[in-house]
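So the chains spell out like this:
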Amino acid sequence: MLTPAEQSEIQSEVAHYPYKRAVAIDALKIVQKHRGHVSDEAMDDVARFLELSREELEGVCTFYNLLLRKPVGKHVIWVCDGVSCYLTGYGRLCRKLESTLGIKPGETTKDGKFTLLPIVCLGACDHAPVLMVDDDLHRDLDPQRNPGAVEGVLKQYE
Amino acid sequence: MSEPNELTHPLTCHLRADGTPLDLAAYRACDGYQGLAAANQLEPSAIVAMVKASNLRGRGGAGFPTGMKWSVLPMGPDAPKPKYIAVNADEMEPGTFKDRLLMEQNPHLLLEGIAICARAVEAETAYIFLRGEYTLCATRLRHAIAEANAAQALGNVHVYLHTSAGRYMCGEETGMLNALEGKRANPRTKPPYPGISGLWGKPTVVNNVETLCNVPAILRHGAEWYQKLSRTTDGGTKIYGVSGRVKRPGLWELPMGTTVGEILDLAGGMQDGLKLRGLLPGGASTAVLTPDHLDVAMDFSAPQKVGSRMGTGTMIILDDRACLVGVVANLIDFFSRESCGWCTPCWSGLGWASRLLDAMEAGKGQPGDIEKLEHLASFWGPGATFCALAPGAADPLRSCIQHFRQDFEDHIREHRCPHEGWDA
Ligand SMILES: Cc1cc2nc3c(=O)[nH]c(=O)nc-3n(C[C@H](O)[C@H](O)[C@H](O)COP(=O)(O)O)c2cc1C
Ligand code: FES
């Protein structure tokens, strides 16, 4: 069941569109915000609410990069692997994250704090390499040119 | 160069050095919403005529004339209703980072452009289709929409923000329409074009953020002024950008038709110890240019004469220490991951090319791989695929093989990446 909070958030999006199904992506984002990821149960709940088949909604959900079908840690670290970041230290940044966190991309730290995921160009190419933690963009993170920057970013998250 | 002012830098002159956005009061203080006021004095057809006369061409990459696009929509009391505006704020192409600046720092400029467009085509509803990762843009646009609604600044159009969940195909105009309808962002058959049958089958204008941001000043200062801002026949200024290992990467608003070399100079030239080897003039989907092309004017025709495109006008600089095969592998990996899977040359061919390039970069390339890559890319031409994603991938691949074939051959012959000093 969708919680009353989820229902009212989804309903306020529905008001912007002529058809209810238009909010499929918003609805999935809303349940993900509340529950951390889109579980099988969440998928059923949203499908019922929007009167879509589970299969159709699954097709939508799996299409979008930011919708997560598996559990993640408390914070998601999205590392940009776009070409400008690639040219300016993406490899060094990744290795630094992997060694500091002890995980590979796609994995979650043992304490459940961070999940590391790749993302396409974050549109901050003039400050490459960059990453995003949850909703926050962090820029100029080449460990060679800017030592300590990665550690500084990670420290901001409890 | 003259001091940035409204008559020379209509898009950026009011941006603040500290990056804080102009709120409604500040925007009005620099004559904001005066373009809409001017538009309100005109018939819709006169607004469209003015935008046509300005030679404003779309800034999303393809450069379609904006006035012409608007003129396609059916008008008058018998026109299908409602009509829509879908603002393309997806900006997911690697190396492209210009629309973010406008939305973060001057959100009302975009809203005013939308309101003028709405009057010109008699649209009731506009959706700003924003990529999900642009969280600061979302906050600032939401605030600006609320301010504008409270002050009834936008006329009759309802503007809604749609935050996407990330997929490059959402930026393709018909993919975006599907995404706005809550579906997978697969492309649609054209024709019919969105101007006739777009969102939910209704007439829809799809325009890029920067395109719409140009409209208020055209209404205020006129088509002739706008055309004269440019050094070429494509009207106006352009926000150009540079990324890569240059001294000062960034964004600059300059006359349309500023040359590649002049833009690179503003970026301070190459970082110490590095030489310019090539550049992608306007994002990941544009063919590589070489140092021989520094005099090419960045507009919608000059780069085409040398086999490339201006694209989004944000250049990616390739230096002599970077491994070009690695760069191409990175680009094709992007296109392969982001292909929506709608047509075979794209989903299957890009995946194959991506695996070939990764193997080559890892020292496992085979003789004949270069020809295989060229063969695969030959299936990605315009007309061979459903949308422009695969043609966009073919351009950097084909051009890099053409200009830097030796790099590919060295990888295969030496069974390793010869760029020892290169540490990506
Ligand atoms: C795969 C793909 C992605 C695109 N992404 C964007 C984008 O993020 N933003 C954009 O404005 N145009 C993008 N375009 C171009 C749009 O299809 C369309 O031409 C543009 O939004 C039209 O607006 P304009 O005439 O104002 O330029 C993309 C095209 C393709 C093929
Ligand atoms: S390539 Fe990383 S922000 Fe653009």
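Residues numbered from 1 in each chain as written. Chains lettered and ligands numbered in written order. Predicted model: local features only at pLDDT ≥ 70, side-chain atom pairs only at ≥ 80, totals over all residues. Heavy atoms only, no water.

**Observations regarding helix α16 (residues 369-377) of chain B**
Residue and element names in this part refer to chain B.
Line of reasoning, step 1. All of the buried residues along α16 are D369, I370, L373, L376 and A377. Buried positions in α16, seen along its axis, are confined to an arc of 125 degrees and lie on one side of it.
Line of reasoning, step 2. Contacts made by the buried residues of α16 are with α15 (344-361) and α17 (389-414). (Buried < 20%, exposed > 50% of the residue type's maximum accessible area, 1.4 Å probe, protein only. Helix = DSSP H or I, 4+ residues; strand = E, 2+ residues; numbered from the N terminus. Arc of directions from axis to C-beta. Contact = heavy atoms within 4.5 Å.)

**Focus on unusual backbone geometry**
Leave glycine aside and you will find that most residues have negative phi; peptide bonds, for their part, are mostly trans.
Line of reasoning, step 1. Omega for the bond connecting A128 of chain A with P129 of chain A falls within 30 degrees of zero, at -5 degrees, which places this linkage in the cis form.
Line of reasoning, step 2. In this structure, P82 of chain B follows K81 of chain B across a cis peptide bond, with omega equal to -5 degrees.
Line of reasoning, step 3. For N55 of chain B, which is not a glycine, the phi torsion comes out positive at approximately 60 degrees.
Line of reasoning, step 4. The topology assignment puts N55 of chain B in the loop between α3 (44-53) and α4 (66-71).
Line of reasoning, step 5. Even without a glycine there, the phi angle at E91 of chain B is positive, about 35 degrees.

**A closer look at the pairing of strand β7 (residues 276-280) of chain B**
Residues and elements named next belong to chain B.
Line of reasoning, step 1. Buried residues dominate β7, accounting for four of its five residues.
Line of reasoning, step 2. Direction of pairing for β7 relative to strand β8 (residues 314-319): antiparallel, over a ladder of four bridges. Within the sheet, the bridge partner assigned to L276 lies in β8 and is D319. (Pairing = 2+ DSSP bridges.)

**Topic: empty space enclosed by the protein**
Residues and elements named next belong to chain B.
Line of reasoning, step 1. In total, this model carries three cavities of 30 Å³ or more according to the counting rule given.
Line of reasoning, step 2. Roughly 160 Å³ of volume is contained in the largest cavity.
Line of reasoning, step 3. Residue lining of the largest cavity: 17 residues in total, with E6, P10, Y27, L109 and R220 positioned closest to the centre.
Line of reasoning, step 4. Those elements that place two or more of their residues in the lining of the largest cavity are α2 (34-40), α6 (107-121) and α10 (215-221).
Line of reasoning, step 5. The class makeup of the residues in the lining of the largest cavity is seven nonpolar, six polar and four charged.
Line of reasoning, step 6. Space inside the second largest cavity adds up to approximately 70 Å³.
Line of reasoning, step 7. Taken together, 13 residues line the second largest cavity, and the ones lying closest to its centre are C340, W342, C343, C346 and C387. (1 Å grid on protein atoms, 1.4 Å probe; cavity = no way out; pocket = protein on both sides within 12 Å on 5 of 7 lines; lining within 4 Å. Points joined across faces, edges and corners; volume = space filled by probe spheres on them. Nonpolar A, V, L, I, M, F, W, Y, C, P; charged D, E, K, R; others polar.)

**So, the confidence of the model for chain B**
Line of reasoning, step 1. Scored by pLDDT, chain B comes out at a mean of 97, with 99% of its residues at no less than 70.
Line of reasoning, step 2. In the predicted assembly, ipTM is 0.97 and pTM is 0.97. (pLDDT = per-residue confidence, 0-100.)

**Considering the pattern of salt bridges**
Line of reasoning, step 1. Summed over all chains, the structure comprises 44 salt bridges over all chains.
Line of reasoning, step 2. Here D142 of chain A ties to R92 of chain A by a salt bridge, and the two come within 2.8 Å at their closest N and O atoms. Residue D142 of chain A is located in the loop between β4 (136-138) and α7 (149-155), and its partner R92 of chain A is located in helix α6 (residues 90-101); the two are separated by 50 residues in the primary sequence. Accessibility assignment for this pair places D142 of chain A and R92 of chain A in one class, buried.
Line of reasoning, step 3. Between K190 of chain B and E172 of chain B there is a salt bridge, and its shortest N-O distance comes to 3.9 Å. Here E172 of chain B lies in the loop between β3 (158-163) and α8 (173-180) and K190 of chain B lies in the loop between α8 and β4 (204-208), a separation of 18 residues in the sequence.
Line of reasoning, step 4. Residue classification places E172 of chain B among the buried positions, given a relative accessible area of 15%.
Line of reasoning, step 5. Here the salt bridges do not stand alone but share partners, grouping D40, D44, R54, E58 and R69 of chain A into one network. (Salt bridge = Lys/Arg side-chain N within 4 Å of Asp/Glu carboxyl O.)

**Concerning the sheet that holds β3 of chain B**
Residues and elements named next belong to chain B.
Line of reasoning, step 1. Spatially, β3-β2-β1-β4 is the arrangement adopted by the four strands of the open sheet, whose pairing is parallel. Of all strands in the sheet, those bounded by a partner on one side alone are β3 and β4. Pairs of neighbouring strands in the sheet enclose a mean axial angle of 20 degrees, with direction left out of account.
Line of reasoning, step 2. Pairing of strand β1 (residues 84-89) with strand β2 (residues 125-130) involves six bridges; the strand directions are parallel. In the sheet register, A86 faces β2, and the bridge partner there is Y127. (Axes fitted to C-alpha atoms, helices over the stretch in contact; angles between N-to-C directions.)

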